[in-house]
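Topology and contacts: notes
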Amino acid sequence: MRTFNITDPASLELVDHAPWSSAEDLERAVQESQSISRVWAKNRDARREAMRAAAADLRLNVGTLGAILTREQGKPLLEAETEFMTAAELLNYYADLEWDESTELPERSGRSVSVQQLPVGLVGAITPWNFPISLLGVKVAPALAAGCTVISKPAATTPLSTLAYAQVLQRHLPKGVLQVLTDPGREMSVAISEHPAIRKISFTGSTEVGVAMIQQAAPTMKRATLELGGNDPAIILEDADLEATAQGIVASAFRNAGQVCMAVKRVYVPQARLDDCIEAFTAAVGRLTVGHGLDATTTLGPLHHQNQLNRVRELVDRAVVDGGTVAIGGASTCDLPGYFWDPTIVSVPDPETPLVSEEQFGAALPIVGYADLHELIESLNADAFGLGASVWGADEERASAIAQHIEAGTVWINQHTVVEVDAPFGGWGHSGVGRERGRWGLESYLELRTINRRRLSQR
Ligand code: NAD
């Protein structure tokens, strides 16, 4: 079997080899899915039971699974284990979720009308490398609950954790319900998005690839859910406790080394409080410990690959050329050979510098002073992205009132990056199409059929 190498981003050592799936493997997977799909779609109780058993099995093996994810992705072990716990929580949530397979509409003269909700069919789940398991779990759990079958295609650099996750679930699912295909490039994703037997694409990744994905899926008229990029702002108000705010924002912005779609990626603070804010953020970042994700003391792992590291370095350098000042970080000082970047805070006078205006996706956070809150919100709403935003202040009512004016899929108050299993998550504008999580996440795996019956005789 052809394989490709997977490298540890912290040590640059070989972790393992992953199978290099071919076009024939895709055809085989589609056929296996088709041979089980009718039976699987019919028995909701069996699906629920299998999902709960799979969730328990994931929890039981979380230590081993987490270590596989840390080694190929780089994140601290606790964060890796949390991904598998999230995947288990999602399976249990969707196993328990009540929904009507058929709903009778109100009586009307001469006709009875019912609306059925049926599985959409075979789903292609295409995921990025930053959260390989929780972002797959948020697709697989509602898809299984709805009665769909799934072919998963992880990112080229993180296939091992996905294969391990699927192995656990496959112990409880009939053959063909969940399959994984892996390759080192984009061929398999393209083939999945174009395949006529695949009825829906659930994609998480960059906006650029999301656009390509819709184009590839259009000729076969696939349903599509797209979770795309973001450039989440955090808006600090005049009355915010800067120390607590800095700690909260740093916990969001530097989680997974800043490689989080919904992390705080830029901070806005009243101009008069800029210096105090930089001081508070510098202190909070100074408490992070950079190292290998398997080292128990590590709170910040490496960036995931060389391109990420190059991009973050270039954006910070450019922000300095544009008048910015590095308050802490701005270099790679870890003595491990991997893609390490010290957590960085940059005071930025020019809000147009790309470190602020683009999604940086790395451990570098720009802080910008603002003079007028109204103007700031107008300029943020004019952005193409609309994934998340947060407002930080002592007066919760005022912060909540300001949140009403922000155009984004999630607006947090005095926190950021917190997601709920039962609340919808997704983006406005270029941040995506559709929603995941909660009952909204289930609906996107259901197709509707209206049965409209004329009564031949009035009883
Ligand atoms: P990416 O878009 O480069 O890749 C995502 C997946 O698409 C990978 O599996 C890749 O192999 C595949 N792919 C690449 N080109 C393709 C093509 N032409 N057709 C089909 N598939 C293709 O994203 P990435 O770099 O792995 O992840 C980072 C991006 O993901 C960031 O922009 C981030 O904001 C976004 N993201 C969004 C969310 C969300 O929920 N909104 C969550 C996590 C990450």
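As the structure is a prediction and not an experimental result, all values here were calculated from the model.

As for empty space enclosed by the protein
On inspection of all chains with the given rule, the structure shows three cavities of 30 Å³ or more. In this model, the largest cavity occupies a volume close to 110 Å³. If you trace the largest cavity, you find 15 residues lining it, with Pro 233, Leu 380, Phe 385, Gly 388 and Glu 407 closest to the centre. Elements with a minimum of two residues in the lining of the largest cavity: β10 (232-236), α13 (373-381), β15 (385-386) and β16 (388-392). In terms of residue class, the lining of the largest cavity is made up of seven nonpolar, four polar and four charged. By volume, the second largest cavity is sized at about 40 Å³. Around the second largest cavity, the lining residues are Ala 253, Phe 254, Gly 258, Ala 263, Val 264, Lys 265, Gln 360, Gly 362, Ala 364 and Leu 365. Counting only elements with at least two residues in the lining of the second largest cavity, the list comes to β11 (264-270) and β14 (364-370).

Points about the domain arrangement of the chain
Under the domain assignment used here, the chain contains domain 1 (3-228 + 431-451) and domain 2 (232-413). On a C-alpha basis, the centroid separation for the pair domain 1 and domain 2 is 31 Å. Domain 1 puts 24 residues into the contact, and the matching count from domain 2 is 27 residues. For the pair domain 1 and domain 2, the summed buried surface comes to about 2,000 Å²; carbon and sulfur atoms form 61% of the total. When the buried surface of domain 1 facing domain 2 is broken down by residue, Ala 10, Trp 129 and Ser 431 rank first, second and third, together holding 28% of it. Along the contact surface separating domain 1 from domain 2 lie twelve residue pairs in polar contact (both at pLDDT 80 or more). Looking at the side of domain 1 that touches domain 2, the elements with two or more residues in it are α3 (62-73) and α4 (77-96). Looking at the side of domain 1 that touches domain 2 element by element, the count peaks at five residues for α3. Residues of the side of domain 1 that touches domain 2, tallied by class, amount to nine nonpolar, nine polar and six charged.

Points about the site of the ligand
Inspection of the region around the ligand gives 29 residues, with Thr 127, Ser 189, Ser 206, Leu 228 and Glu 359 positioned closest. In this structure, an oxygen atom belonging to the ligand sits 3.2 Å away from a side-chain N or O atom of Trp 129. Within the backbone of Gly 205, one N or O atom sits 3.3 Å away from an oxygen atom of the ligand. Protein chains bury 89% of the 860 Å² of accessible surface belonging to the ligand in isolation. Elements represented by at least two residues in the shell around the ligand include exactly α7 (187-194), β8 (200-204) and α8 (207-217).

Criteria and cut-off values
Residues numbered from 1 in each chain as written. Predicted model: local features only at pLDDT ≥ 70, side-chain atom pairs only at ≥ 80, totals over all residues. Heavy atoms only, no water. 1 Å grid on protein atoms, 1.4 Å probe; cavity = no way out; pocket = protein on both sides within 12 Å on 5 of 7 lines; lining within 4 Å. Points joined across faces, edges and corners; volume = space filled by probe spheres on them. Helix = DSSP H or I, 4+ residues; strand = E, 2+ residues; numbered from the N terminus. Nonpolar A, V, L, I, M, F, W, Y, C, P; charged D, E, K, R; others polar. Domains from an automatic or database assignment. Contact = heavy atoms within 4.5 Å. Buried area = accessible area lost by both parts, 1.4 Å probe. Polar contact = N/O pair within 3.5 Å; in protein donor to acceptor, adjacent residues only side chain to side chain. Near = heavy atom within 4 Å. Areas by Shrake-Rupley, 256 points an atom, 1.4 Å probe, with all protein chains shown as cover.

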